[in-house]
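Spelled out, the chains give:
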Amino acid sequence: IDDLVYAASADSTVVALEPSTGDLIWKQKIGGGVYATPCVGDTLLFLAANDRFLYALNRRDGVEMWRYDCGAIANLAPTLAGPFLYVATRSGKLVALDADTGELQSEFTLQASAASSPVYAGGRVYVADIERRLYCFGQISMAQTLTDSR
């Protein structure tokens with residue numbers, strides 16, 4: 001499964017392709033269109049869709065392993081950092097999920113809608129909102145420093 005190419009589309013279709021031949025390995029329909037880059041984990045493929053759900057598909061066969069209701073459109077790319085999966089929503093929520101189970105670990109409400117996918121660097125998670133604020137969180141607690149980028 002390490003050598004597959006994954007693609008998702010606005011019509012809710014997710015595919016895995018063999019890169020050298022383009023052969024279709026599997027094809028799966030999920031509940032909403034995908035407008036952001038899928039996030040590839042060791043065994044799972046994570047997709048944020050415009051139906052409010054974050055999906056985790058088995059990379060080997062495309063079977064849905066879990067889904068999480070974000071409560072709002074989550075069409076920004078999710079970010080994997082260790083055992084945690086981070087996703088930001090258009091309603092201004094940043095959530096941290098257990099990547100294996102989809103269980104909510106922590107959440108934080110931004111002051112405005114999220115404008116970027118979360119970014120993980122140096123043990124911290126960063127996300128920006130539409131009001132040009134940049135938020136910085138420790139990897140697990142999500143209760144750390146809030147900084148303004150202006």
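Note on numbering: residues in each chain are counted from 1, in written sequence order. Totals for whole chains, interfaces and linings use every residue, but because this is a predicted model, local features are given only for residues with pLDDT of at least 70 and side-chain atom pairs only at 80 or more, for both listing and counting. Note: side-chain values were computed over all heavy atoms of the structure, leaving out hydrogens and water.

### Digging into the overall build of the protein chain
Each helix and strand in the protein chain was counted, giving zero helices and 15 strands. In this setup the radius of gyration rests on C-alpha atoms only. A globule is expected at 2.2 Å times the number of residues raised to 0.38. In terms of overall dimensions, the protein chain is globule-like: its C-alpha atoms have a radius of gyration of 15 Å, near the 15 Å expected for 150 residues. Exposure categories follow from relative accessible area, calculated using a 1.4 Å probe and restricted to protein chains: below 20% of the type maximum is buried, above 50% is exposed, and the middle band is partly exposed. Counting across all 150 residues of the protein chain, residues that qualify as buried make up 45%. Taking the 12 positively charged and 17 negatively charged side chains of the protein chain as two groups, their mean positions are separated by 8 Å. A run of H or I in DSSP counts as a helix once it spans at least four residues, and a run of E counts as a strand once it spans at least two, with each numbered from the N terminus. Residues counted as positive are Lys and Arg, residues counted as negative are Asp and Glu, and His and the chain ends are not counted. Working definition for charges: the position is that of NZ of Lys, CZ of Arg, CG of Asp or CD of Glu.

### What about unusual backbone geometry?
For Ser12, which is not glycine, the phi torsion reads 80° and is therefore positive. Mapped onto the elements of the fold, Ser12 is located in the loop between strand E1 (5-8) and strand E2 (13-17). Phi is positive for Arg52, which is not a glycine, with a value near 85°. Relative to the helices and strands, Arg52 is located in the loop between strand E5 (44-48) and strand E6 (53-58).

### Considering the side chain of Lys93
For Lys93, the position within the fold is in strand E10 (residues 93-98). Separated by 3.4 Å, the side chain of Lys93 and the backbone oxygen of Cys70 make a polar contact. Whether two residues touch is decided by their heavy atoms; if any such pair falls within 4.5 Å, the residues are in contact. When residues no more than four places from it in sequence are discounted, the contact partners of Lys93 are Cys70, Val87, Ala88, Glu107, Phe108 and Thr109. Pairing of N or O atoms within 3.5 Å defines a polar contact, subject to two protein rules: one partner must be a possible hydrogen donor and the other a possible acceptor, and residues neighboring in sequence count only if both atoms are side-chain atoms.

Coordinates in, geometry out; function isn't part of it.
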